[in-house]
Amino acid sequence: MSGGGCPMNNGFRSNDAQDGINMADHSTGMMYGEYLQLDKILDGQRLMSEQLGSETVHDEHLFIVTHQAYELWFKQIIYELDSVREMFSTQEIEERKMLEVLKRMNRIVLIWKLLRDQVMILETMTPLDFMEFREYLTPSSGFQSLQFRLLENKLGIRQEHRVRYNQSNYIKVFGNDPTAVVELQRSEEEPSLCELVQRWLERTPGLDEEHPSNFWSQYQEAVDSLIREQQNEAEATKDETLKGHLLNECQKKKEIFDSIFDVDIHNALVARGERRFSHKALQGAIMITFYRDEPRFNQPHQLLSILMDIDSLITKWRYNHVMLVQRMIGSQRIGTGGSSGYQYLRSTLSDRYKVFLDLFNLSTFILPRKHIPPLSHYMKTRLSIREQPTSQNRQAGLHGEEDNKSQSGSSLGGLETSGELSL
């Protein structure tokens, strides 16, 4: 058949769009608005300018909706973060769980991208628009966002790294809410994501000091060799000024690397707040960075990148917020909650608020590829997709190829049986 007489057009019947029934007429289940409880959400915009002022300020509605949206997304981030922390609380992480970890952490990254850009919507207000309803906000302040403080603690921001709020502990602003205080104290006491990630990194295969294939000792030898090579090149330079400069650079490089090879120096930097990770966790992160192309280090490397993405996006969000505040109230006005406003917020942009600061600084300690110690056959095997059958497996009954695949697949990446880094 051809032309208009054909009942099929491009494989679809002409009345496909009208097929189906209205299920609401045949079901006693919840409707869309009931399921989402939209009556509660959409009735939650109480404009103080409407209740207390002579007339409603139009932009107050935007201000409320935007901040409510922030709080909903904070809730989702905490929900995802708690689930990841729970998975990392176990001694071993199976491959399927690691895939779920990456999915949920990527979801957090995407949410933070949304929150970072959401500030631009508030920037459609002018300072004069904001000034019309700002007086009604006192003493409320974004500093009083319980969820954001919980989120920070669960990620791993430690109290000693925080900028004090009006010379006081940040929890003080929640003093009239005992439930909030208990939640915050619990979030400080529970293992944060940063602490759990460190424990996980400490189990990285190849860090065993007793094993001849120990990565750290080989890495240190490679660094010493590289610095000696550069010192020899500097000594051969005839230009005395350039020679002095190059030798000085070699000495600086040696001191930088000494800060990771000498445990005491590293721990002193941690005590000063300049580093976050334990010494062994930092070793694991460096090893994963060098050998990220090895099958069983691929997912761990992805996770380390995601953690930096989250830290970076939160910093950008803070920056956008600081710029918004300066744009709306300038640099000298006091915040509605009593803080120094712009000045306080600007102080939160420093490295002290980066939870995974050490991951950003890993590039300080990377080597040119030609100087990276090659993996031994032993480590190559451990980091491959499928380990060689062990003597124990061979003695256990000669299961055959399929059984061996099943056994190695159940501990893919990981080395769960040895209690080391598992994927």
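- Under an unreviewed UniProt entry, the name given to the chain is Tryptophan 2,3-dioxygenase, and the source organism is Daphnia magna.
- Heading Catalytic activity (unreviewed entry) of the UniProt record for the chain holds this comment: "L-tryptophan + O2 = N-formyl-L-kynurenine".
- UniProt, in its Function (unreviewed entry) section for the chain, records the words "Heme-dependent dioxygenase that catalyzes the oxidative cleavage of the L-tryptophan (L-Trp) pyrrole ring and converts L-tryptophan to N-formyl-L-kynurenine. Catalyzes the oxidative cleavage of the indole moiety."

1. Remarks on the overall build of the chain
Part 1 of the argument: Summing up its helical and strand segments, the chain has 19 helices and 2 strands in all.
Part 2 of the argument: By the burial criterion, 40% of the 423 residues in the chain qualify as buried.
Part 3 of the argument: Here the contacts in the chain between residues at least 6 apart in sequence split such that 73% fall between residues at least 24 apart.

2. Some details on the packing of aromatic side chains
Part 1 of the argument: Under the criterion given, the structure shown has 24 aromatic pairs.
Part 2 of the argument: Between the aromatic rings of tyrosine 70 and tryptophan 317, the centroid separation amounts to 6.0 Å while the plane-to-plane angle is 70 degrees, which identifies the pairing as edge-to-face. Of this pair, tyrosine 70 sits in helix 4 (residues 58-88) while tryptophan 317 sits in helix 14 (residues 295-329), and the two are 247 residues apart along the sequence.
Part 3 of the argument: A relative accessible area of 6% places tyrosine 70 in the buried class.
Part 4 of the argument: Residue tryptophan 317 is classed as buried on the basis of its relative accessible area of 10%.
Part 5 of the argument: Three or more aromatic residues joined by ring pairs make a cluster, and in this case those are Phe215, Trp216, Tyr219, Phe257, Phe261, Phe290, Tyr291 and Phe365.
Part 6 of the argument: Over the face of the ring belonging to phenylalanine 143 we find arginine 149, whose NZ or CZ atom lies 4.2 Å from the ring centre.
Part 7 of the argument: Cation over ring: lysine 354 sits above phenylalanine 360, and NZ or CZ is 5.8 Å from the ring centre.

3. Focus: the environment of leucine 349
Part 1 of the argument: Structurally, leucine 349 is set in the loop between helix 15 (342-347) and helix 16 (357-360).
Part 2 of the argument: Separated by 30 residues in sequence, leucine 349 and tyrosine 319 have C-alpha atoms that sit 6.7 Å apart.
Part 3 of the argument: The contacts of leucine 349, once residues within four sequence positions are left out, are Thr315, Arg318, Tyr319 and Val322.

4. Some thoughts on helix 6 (residues 127-134)
Part 1 of the argument: Along helix 6, the residues that are buried comprise Phe130, Phe133 and Arg134. The arc that holds the buried residues of helix 6, viewed along the axis, is 110 degrees, so those residues lie on one side.
Part 2 of the argument: Where helix 6 is buried, its residues meet helix 4 and helix 14.

5. Details of the packing of helix 4 against helix 5 (residues 95-122)
Think of two packed helices as two axes; the pair is described by the angle between the axes and how far apart they sit.
Part 1 of the argument: The N-to-C vectors of helix 4 and helix 5 enclose an angle of 165 degrees; their axes lie 10 Å apart at closest approach. As summarised for this structure, helix 4 and helix 5 are arranged roughly antiparallel, according to the angle between their axes. Relative to helix 5, helix 4 is oriented so that their crossing is left-handed.
Part 2 of the argument: Looking at the contact of helix 4 with helix 5 residue by residue, the class counts come to 21 nonpolar, 5 polar and 5 charged.

6. Some thoughts on the nonpolar core
Part 1 of the argument: Within the largest apolar cluster, 94 residues are counted, with the highest numbers of intra-cluster contacts made by Met105, Trp112, Tyr219 and Ile286.
Part 2 of the argument: Per element, the largest residue contribution to this core is 14 residues, and it comes from helix 14.
Part 3 of the argument: Setting aside anything within four residues of it in sequence, one finds methionine 105 in contact with Val84, Leu193, Leu303, Ile306, Leu307 and Ile310.

7. Re unusual backbone geometry
Negative phi values dominate among residues other than glycine, just as trans dominates among peptide bonds.
Part 1 of the argument: Cis peptide bonds are those with omega within 30 degrees of zero, and the linkage from threonine 138 to proline 139 qualifies with 5 degrees.
Part 2 of the argument: Summarising the element assignment, proline 139 is placed in the loop between helix 6 and helix 7 (146-155).
Part 3 of the argument: One non-glycine residue, glutamine 37, adopts positive backbone phi at about 50 degrees.
Part 4 of the argument: Given a relative accessible area of 38%, glutamine 37 falls into the partly exposed group.

8. Some details on a nonpolar patch on the surface
Part 1 of the argument: Taken together, the side chains of Met30, Tyr32, Tyr35 and Leu36 make up a nonpolar region of the molecular surface, amounting to roughly 530 Å² of accessible area.
Part 2 of the argument: The residue tyrosine 35 is located in helix 1 (residues 32-36) in this model.

9. Side note on the environment of tryptophan 317
Part 1 of the argument: Along the backbone, tryptophan 317 and glutamine 118 are 199 residues apart, and their C-alpha atoms lie at a distance of 9.1 Å.
Part 2 of the argument: Excluding residues that lie within four positions of it along the chain, tryptophan 317 makes contacts with Tyr70, Phe74, Trp112, Leu115, Arg116, Val119 and Phe148.

10. Topic: helix 12 (residues 263-271)
Part 1 of the argument: Structurally, the start of helix 12 carries an N-cap: the backbone nitrogen of aspartate 264 is 2.9 Å from a side-chain oxygen of aspartate 262.
Part 2 of the argument: Positive backbone phi, at 85 degrees, marks glycine 273, one or two positions downstream of helix 12.

11. Some points on the packing of helix 7 against helix 8 (residues 178-189)
Part 1 of the argument: Here helix 7 crosses helix 8 at 15 degrees, and the two axes come no closer than 9 Å. In this view, helix 7 runs roughly parallel relative to helix 8, as classed from their interaxial angle. Where helix 7 crosses over helix 8, the two elements pack in a sense that is right-handed. Judged by residue contacts, Leu146, Arg149, Leu150 and Asn153 of helix 7 engage Ala180, Glu183, Leu184, Ser187 and Glu188 from helix 8.
Part 2 of the argument: A breakdown of the residues in the contact of helix 7 with helix 8 according to their chemical character gives 4 nonpolar, 2 polar and 3 charged.

12. Structural notes on the pattern of salt bridges
Close approach of charged atoms allows side chains of opposite charge to pair.
Part 1 of the argument: Applying the stated rule across the entire model yields 18 salt bridges.
Part 2 of the argument: Taking the shortest distance from any N to any O, the salt bridge between aspartate 82 and lysine 154 comes out at 3.1 Å. Pair noted here: aspartate 82 is in helix 4 and lysine 154 is in helix 7, with a separation of 72 residues, a long-range link.
Part 3 of the argument: Owing to a relative accessible area of 28%, aspartate 82 belongs among the partly exposed residues under this scheme.
Part 4 of the argument: Given a relative accessible area of 10%, lysine 154 falls into the buried group.
Part 5 of the argument: Between arginine 272 and glutamate 274 there is a salt bridge; the shortest N-O distance is 2.9 Å.
Part 6 of the argument: Judged by its relative accessible area of 56%, arginine 272 is exposed.

Calculation rules
Residues numbered from 1 in each chain as written. Predicted model: local features only at pLDDT ≥ 70, side-chain atom pairs only at ≥ 80, totals over all residues. Heavy atoms only, no water. UniProt positions renumbered as here; feature names shortened; annotations may be inferred. Helix = DSSP H or I, 4+ residues; strand = E, 2+ residues; numbered from the N terminus. Buried < 20%, exposed > 50% of the residue type's maximum accessible area, 1.4 Å probe, protein only. Contact = heavy atoms within 4.5 Å. Phe/Tyr/Trp six-rings, centres within 6.5 Å; stacked < 30°, edge-to-face > 60°. Lys NZ or Arg CZ within 6 Å of the ring centre and 35° of its normal. Arc of directions from axis to C-beta. Axes fitted to C-alpha atoms, helices over the stretch in contact; angles between N-to-C directions. Parallel < 35°, antiparallel > 145°, perpendicular 65-115°, else oblique. Left-handed = near helix turned anticlockwise from the far one by under 90°. Nonpolar A, V, L, I, M, F, W, Y, C, P; charged D, E, K, R; others polar. Core = buried A, V, L, I, M, F, W, Y, C linked by side-chain atoms within 4.5 Å. Patch = residues over 30% accessible without salt bridge, like charges linked within 9 Å, V, L, I, M, F, W, Y side chains within 5 Å. Areas by Shrake-Rupley, 256 points an atom, 1.4 Å probe, with all protein chains shown as cover. Salt bridge = Lys/Arg side-chain N within 4 Å of Asp/Glu carboxyl O. Polar contact = N/O pair within 3.5 Å; in protein donor to acceptor, adjacent residues only side chain to side chain.

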